[in-house]
Amino acid sequence: MDLGMLLSEQGRVDPPALYARLHRDGVAQPVDGAARGFAAAVYGYEAVSQVLKDGRFRQLDADYLDLTTPQWRRHPALRVLRDSMFFTDGPAHDGVRQIIGRAFTARRVNALEGAVTELTHRLLDRLAQLAADGPVEFMGEFAYLLPSSVMAELLGVPQDDLAWFRPRVLAIGAILELDGANWRNMVRADTAARELSAYFTDLVALRRTDPRDDLISLLAATELSDEALVANLITTFNAGFVTTTHLLGNGLTMLLERPRLRAELGAGNVGSYVDEMLRFEPPVQILVRYAPEDAEIEGVPVPAGQAVLAMIGAANRDPARFADPDAFDPARPDPGSLSFGFGPHYCLGAALSRLEGQVAFPALFERFPDLALAQQVGNAPKPLILRGHDTLAVACHGR
Ligand code: HEM
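Now for a quick tour of the structure. (Residues numbered from 1 in each chain as written. Predicted model: local features only at pLDDT ≥ 70, side-chain atom pairs only at ≥ 80, totals over all residues. Heavy atoms only, no water.)

**What to know about the packing of aromatic side chains**
Summed over the entire model, instances satisfying the criterion amount to 14 aromatic pairs. For the pair Tyr144 and Phe241, a centre-to-centre distance of 5.5 Å together with 80 degrees between the ring planes defines the contact as edge-to-face. Taken together, the residues span a long stretch of sequence, with Tyr144 in the loop between α10 (138–143) and α11 (145–155) and Phe241 in helix α15 (residues 226–256) at a distance of 97 residues. Its relative accessible area of 5% is what places Tyr144 among the buried residues. Relative to Phe241, the ring of Phe237 lies with its centre 4.9 Å away and its plane at 80 degrees, an arrangement referred to as edge-to-face. On the criterion of helical spacing, the pair formed by Phe237 and Phe241 is a turn pair, its members being four residues apart in helix α15. One exposure class covers both Phe237 and Phe241, and it is buried. The ring centre of Tyr144 lies 4.9 Å from the NZ or CZ of Arg166, which sits over that ring. The ring of Tyr45 is capped by Arg321, whose NZ or CZ atom sits 4.8 Å from the centre of that ring. (Phe/Tyr/Trp six-rings, centres within 6.5 Å; stacked < 30°, edge-to-face > 60°. Helix = DSSP H or I, 4+ residues; strand = E, 2+ residues; numbered from the N terminus. Buried < 20%, exposed > 50% of the residue type's maximum accessible area, 1.4 Å probe, protein only. Lys NZ or Arg CZ within 6 Å of the ring centre and 35° of its normal.)

Here is the structure:
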């Protein structure tokens, strides 16, 4: 596969067109841009699942960076990411995941439903007020605020600080893109990581002296090292809403483009709608792993130290797994996408983000039955790792 094609403007405008071409050609193939350190692109549903659960392929961890970017420890952003469970594997990962996983039990997530509903209605009230003056910017005024407020509630971050977080969270997200770690992005991400680390270090100290019923207090009392604690708070907080923000933005446009399906959306089927939105246009399109030892996947060699593109967005369109994969069909009999990953790093927030979508979409259309786009969505190229709209102007004339 031509990596340049995937990363080109055209590739970023319409990845499903590329996915359809790839699926005509097996389940994995070598990457032409191996110079960038990618040996294989894997896109068949089963093959992608295999990479994600296979111990021969690991996250781009500290060992990988020692090989590829020896100076990486000078970058606070890279250190924060590597100190978190996202970029560790094996027993170190499992131990931290178990501790943080205690915050995301079904019981705790279900207990958040009331808070999610209340926050949703509060934000809809605000949208109604803003709409009196004309179109409203949905991404900033709703899609960002709902998940970040929910995460703030869960972690114990003061709601008033959320506006401060947004640019910093986006700066860290930018270096996760396949070709995003350029000098300018790194400088911004390092500054953001320094500021976010200082912020959470202070908040942890505050909760240690004055604990509350929140995740920071809970984690501050565990055996996690201070570095791991702060790194996991930053990354979990970020992961908790950049992605869900895009689920809300992408999902909204999918519904507005399909008035018939939108009219059929209701409390009884909203779960299937949200799952189909996630399959059809996943907020994360690609995961990356590397092989510490020489390996192969589906006949494609992956030399030691080289990386593999695990293309979950393509796997979600695999015709061998999903009948008529390019149709948006909430009633499909074969759900089950890879949008939350697979294997040991399966998303800890899957239930929470589904809950947010399930509360938000019916509430939005109940309040604003005539909700419509106030701009052309257009064909601007969008990122692949964290894929969604930057802005989305909508007209909402409420009741
Ligand atoms: C639509 C929303 C979301 C999507 C599409 C999403 C997607 C993902 C994916 C694909 C992974 C796997 C990463 C990998 O294997 O490399 C992941 C991991 C993770 N997600 Fe999510 N996520 C979402 C929402 C959330 C929320 C709401 C939270 C927190 C409350 C969260 C916390 C995490 C954490 C902590 C991990 C790392 C787990 C580990 O490394 O063991 N995510 N997510």
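Having seen the model, we can carry on.
**Some points on the nonpolar core**
Grouped together as the largest cluster of nonpolar side chains are 140 residues, with contacts concentrated most on Phe200, Leu309 and Met311. It is α15 that contributes the most residues to this core, 15 residues altogether. Once you skip the residues sitting within four places of it in the chain, Met311 turns out to touch Met1, Leu6, Tyr19, Leu22, Ala41, Val42, Tyr43, Val48, Gln285 and Ile286. (Core = buried A, V, L, I, M, F, W, Y, C linked by side-chain atoms within 4.5 Å. Contact = heavy atoms within 4.5 Å.)

**Comments concerning the side chain of Asp61**
Relative to the assigned elements, Asp61 resides in the loop between α4 (45–53) and α5 (62–68). Among the polar contacts made by the side chain of Asp61, one reaches the side chain of Arg58 at a distance of 3.1 Å. Here Asp61 is in contact with Arg82, Phe87 and Tyr290, once residues within four sequence places are set aside. (Polar contact = N/O pair within 3.5 Å; in protein donor to acceptor, adjacent residues only side chain to side chain.)

**Some details on the environment of Pro292**
Within the secondary structure, Pro292 is located in the loop between β4 (287–290) and β5 (295–297). Judged by relative accessible area, Pro292 falls into the partly exposed class, the value being 27%. Considered as a pair, Pro292 and Tyr64 are 228 residues apart in the sequence and their alpha carbons are 7.7 Å apart. Once residues within four sequence positions are removed from consideration, Pro292 is found in contact with Arg56, Arg58, Ala304 and Gly305.

**Thoughts on the site of the ligand**
Around the ligand there are 27 residues in total, and His93, Arg97, Arg289, His345 and Cys347 lie nearest to it. At 2.9 Å, a side-chain N or O of Gln59 approaches an oxygen atom of the ligand. In the environment of the ligand, an oxygen atom lies 2.7 Å from a nitrogen or oxygen atom belonging to the side chain of Arg97. At the level of elements, α7 (90–101), α15, β4 and α19 (350–367) are the ones that each hand at least two residues to the shell around the ligand. Looking at the shell around the ligand, the element that brings in the most residues is α15, giving six residues. The class makeup of the residues in the shell around the ligand is 14 nonpolar, eleven polar and two charged. (Near = heavy atom within 4 Å. Nonpolar A, V, L, I, M, F, W, Y, C, P; charged D, E, K, R; others polar.)

**Topic: unusual backbone geometry**
For Glu298, which is not glycine, the phi torsion reads 50 degrees and is therefore positive. The backbone of Asp324 shows a phi angle near 45 degrees, a positive value even though the residue is not glycine. A relative accessible area of 57% means that Asp324 is categorised as exposed.

**Focus on the side chain of Ser217**
As for its position among the elements, Ser217 is in helix α14 (residues 215–220). A relative accessible area of 8% places Ser217 in the buried class. Excluding anything up to four places from it in sequence, Ser217 contacts Arg207, Pro211 and Arg212.

Worth remembering: the numbers are spatial, not functional.
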